[in-house]
Amino acid sequence: MAVVAAGRVAGAETTATLVGPSGATIPLRTEEAGGKTYFSVADVAAVLEGMIAFDSETRSFEVRLKTHTALFGTEAAVAVVDSKIVSLAAPARMSGLLAYADADFLGRVLGPIAGVTFSWDAGRRTLVAARSAMPEVSVEASVTDVGETTKVVLRFSQPPQYRVEKGGEMIVLKFPGVKLVPVATEKAVDGPRVSRVFFRPGEAVIALKERGLSTNVYALGGPPRLVVDVAHGGAGAAPPPGAVPAPAAPSKARTVVLDVGHGGTEEGAKGPSGMLEKDAMLALAKTMQEVLTQRGFRIVTTRSSDASVSLEERTATANAARADVFVSLHANASRSGGAHGTEVYYLSLDASDRAAALLAESENKAAETPTTEKNAALRDLDLILWDLAQNQHLAASERLAEIIQADFNRLLDVTTRGVKQAPFRVLIGVNAPAVLVEVAFITNPDEEKRLGSEEFRRQTAETLAGSLTTFFRTSASVPPVPYATKPPGRP
Ligand SMILES: [Zn+2]
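Remember, predicted model here, so these are calculated numbers, not experimental data. (Residues numbered from 1 in each chain as written. Predicted model: local features only at pLDDT ≥ 70, side-chain atom pairs only at ≥ 80, totals over all residues. Heavy atoms only, no water.)

Undergrad: Please clarify how the pattern of salt bridges should be interpreted in this entry.
TA: Any two side chains of opposite charge can pair if their charged atoms end up close together. Taken as a whole and assessed by the stated rule, the structure comprises 21 salt bridges. As a salt-bridge pair, aspartate 407 and arginine 410 come within 2.6 Å of each other at their nearest N and O atoms. Of the two residues, aspartate 407 and arginine 410 both sit in helix H8 (residues 394-411), 3 residues apart, roughly one turn of that helix. Judged by its relative accessible area of 15%, aspartate 407 falls in the buried class. Judged by its relative accessible area of 61%, arginine 410 is exposed. (Salt bridge = Lys/Arg side-chain N within 4 Å of Asp/Glu carboxyl O. Helix = DSSP H or I, 4+ residues; strand = E, 2+ residues; numbered from the N terminus. Buried < 20%, exposed > 50% of the residue type's maximum accessible area, 1.4 Å probe, protein only.)

Undergrad: Would you explain the sheet that holds strand E22 (residues 225-231) in this entry?
TA: With mixed pairing, 5 strands are arranged side by side in an open sheet as E17-E13-E14-E22-E21. Single-partner strands in this sheet number two, and they are strand E17 (179-182) and strand E21 (214-220). Strand after strand, the sheet turns through a mean of 25 degrees between neighbouring axes, direction not considered. (Pairing = 2+ DSSP bridges. Axes fitted to C-alpha atoms, helices over the stretch in contact; angles between N-to-C directions.)

Undergrad: Can you walk me through the nonpolar core in this structure?
TA: What tends to happen in soluble globular proteins is that the nonpolar side chains get buried as a cluster. Of all hydrophobic cores here, the largest spans 61 residues; its most connected members are Leu258, Leu292, Val435 and Leu468. In terms of residue count, helix H3 (residues 277-294) provides more of this core than any other element does, 8 residues in total. Not counting chain neighbours up to four residues away, the residues in contact with valine 435 comprise Phe326, Val327, Ser328, Val344, Tyr345, Tyr346, Ser397, Leu400, Ala401, Ile404 and Leu427. Of all hydrophobic cores here, the second largest spans 31 residues; its members include Leu65, Ala70, Val116 and Phe118. (Core = buried A, V, L, I, M, F, W, Y, C linked by side-chain atoms within 4.5 Å. Contact = heavy atoms within 4.5 Å.)

Undergrad: When you look at the pairing of strand E16 (residues 170-174) in this model, what are you seeing that I'm missing?
TA: If a strand is regular, its side chains alternate between the two faces of the sheet. Where strand E15 (residues 163-167) and E16 come together, 5 bridges link them in antiparallel fashion. Looking at E16, one finds that glutamate 165 is bridged to valine 172. As consecutive antiparallel partners, E15 and E16 are separated by 2 residues, and within that stretch glycine 168 has a phi angle of approximately 55 degrees, a positive value. As paired elements, E16 and strand E20 (residues 203-208) share 5 bridges and run antiparallel to each other. Each bridged residue has a counterpart across the sheet, and for lysine 174 the counterpart in E20 is glutamate 203.

Undergrad: When you look at H8 in this model, what are you seeing that I'm missing?
TA: Helical geometry: 3.6 residues make up each α-helical turn, so side chains three or four residues apart lie on a common side. With 18 residues, H8 ought to run about 26 Å at 1.5 Å a step, and its terminal C-alpha atoms sit 25 Å apart, in line with that. The complete set of buried residues in H8 reads Leu394, Ser397, Glu398, Arg399, Leu400, Ala401, Ile403, Ile404, Gln405, Asp407, Phe408 and Asn409. Two residues or fewer after H8 comes aspartate 413, characterised by a positive phi angle close to 55 degrees. (Expected span 1.5 Å × (residues − 1).)

Undergrad: Is there a simple way to explain the packing of H3 against helix H10 (residues 454-473) in this structure?
TA: Axes are the key here: two packed helices are described by the angle between their axes and the distance separating the axes. Viewed as axis vectors pointing N to C, H3 and H10 meet at an angle of 50 degrees, and their least axial separation amounts to 9 Å. The angle between H3 and H10 places the two elements in the oblique class. When the axes of H3 and H10 are compared, the crossing they make is right-handed. The residues of H10 that touch H3, namely those facing Ala283, Leu284, Thr287, Met288, Glu290, Val291 and Leu292, are Glu454, Arg457, Arg458, Thr460, Ala461, Glu462, Leu464, Ala465 and Leu468. Here the residues of the contact of H3 with H10 are counted per class, giving 9 nonpolar, 2 polar and 5 charged. (Parallel < 35°, antiparallel > 145°, perpendicular 65-115°, else oblique. Left-handed = near helix turned anticlockwise from the far one by under 90°. Nonpolar A, V, L, I, M, F, W, Y, C, P; charged D, E, K, R; others polar.)

Undergrad: I would appreciate a short explanation of the environment of valine 47 in the present structure.
TA: Position of valine 47 relative to the elements: it lies in helix H1 (residues 41-47). Distance from valine 47 to threonine 25, taken between C-alpha atoms, is 8.2 Å for residues 22 residues apart in sequence. Once residues within four sequence positions are removed from consideration, valine 47 is found in contact with Leu18, Gly20, Pro21, Ala24 and Ile26.

Undergrad: Just to check I follow, could you spell out the packing of aromatic side chains for this structure?
TA: Geometry of an aromatic ring pair is reported as the spacing of the ring centres plus the angle between the planes. Here the structure, examined in full by the defined rule, presents 7 aromatic pairs. When the ring of phenylalanine 54 is compared with that of phenylalanine 61, the centres are 4.8 Å apart and the planes differ by 45 degrees; the resulting orientation is tilted. On the basis of an interplanar angle of 70 degrees and a centroid distance of 4.8 Å, the ring pair of phenylalanine 72 and phenylalanine 105 is categorised as edge-to-face. With phenylalanine 72 in strand E6 (residues 68-72) and phenylalanine 105 in helix H2 (residues 103-114), this residue pair connects regions lying 33 residues apart in the sequence. With relative accessibility at 2%, the residue phenylalanine 72 sits in the buried group. Pairwise contacts between aromatic rings join Phe54, Phe61, Phe72 and Phe105 into one cluster. We note arginine 93 situated over the ring of tyrosine 38; from NZ or CZ to the ring centre the distance is 5.3 Å. (Phe/Tyr/Trp six-rings, centres within 6.5 Å; stacked < 30°, edge-to-face > 60°. Lys NZ or Arg CZ within 6 Å of the ring centre and 35° of its normal.)

Here it is in structure tokens:
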């Protein structure tokens, strides 16, 4: 096979040979750094008949391979593969306008979506991408009704990559790159919300009883499972037949934990005239505490001064206070100064879009204080796969997020913003419905000014009071959830 020898370029760039799955051979640009070889992602994508693009606004790369996408930056050791977060050994590197990535990246990010395995022969400087035989993954479905929620649990022999497609009366879970071997191809259920679960090659299908049910999909580890929660829900949805209306005035004060974002050495985002997110959120939390206390709520905050507070301390505060809800307060940042409005998030392993994934990445990074370094476990995104307290509250968290989002859209006169999901680590261990509210864009000059005004903070507090009142009034009587026996960070 003739190999075109590309000329050596200045710097650490060297060349190698890349053999594609069809046997095609092309020159491969490489770089050596830290004793490791990094490969040109563009060259690898080309031999897999894919393409790569660079987004200068988010400074991220996107690889497209058929229907799959992989999104990554060069600052964090994570990639978003078909909207799922994948931890990496090291971030990709950028040289010129080209992305270079190590063998670990190729194996975890490009291999699974291209259906190939990579092998690097350092002596012969040859990287071979070969079609991988599809690994067999066995799967068994079970369906349980827990109160107002139907939980469909798919249990696997090993954790597969998956993609969710929701539409009408079906939820389709697709498992690319594996041969799915179901224990039974069909499970008739005939429950209140789910009629049956069946398997087709490469996918699982959950047939719902009606349209408009709210659904939430999340992964759990040990053993590897995917859980699909199906409930009547969403803001303003009619209560399910037979639901017991909650009393209009709760007999005991509801405990609301306000998590005040950042603090101390963690400044968070910065506004164009220098306002810091950590200061803006402390001022906002103080006003909220005053207003919500007047409205009869019991308020606990995770910090009341300019102090560094670790994620574990924030979560521990919420659980020790027996929080009824947890609201994490943040201010948003965007490279485009025109972005405005409130964004409300609840926890999911799947980020709902690339902006949500990148936001979670930056908020998670910002929350890393020296105290969390002791707990290396929490930094590992894979641990999101654990059975954690928040999983039991996801439907309620979604409902709370929908209510707050709708109310804040009215406050800021925004019509287009919807609730999003992302893997925010501060929400993971909270044993209560939990949301993260990016109240306004501190990077927008108008919204920075509003954040600095007591009048706006008061309006925001009144709006949140209204949202919480709606949330508690419309909460069906849900049995209390036992506390998790395995808190985050303590395996
Ligand atoms: Zn923040």
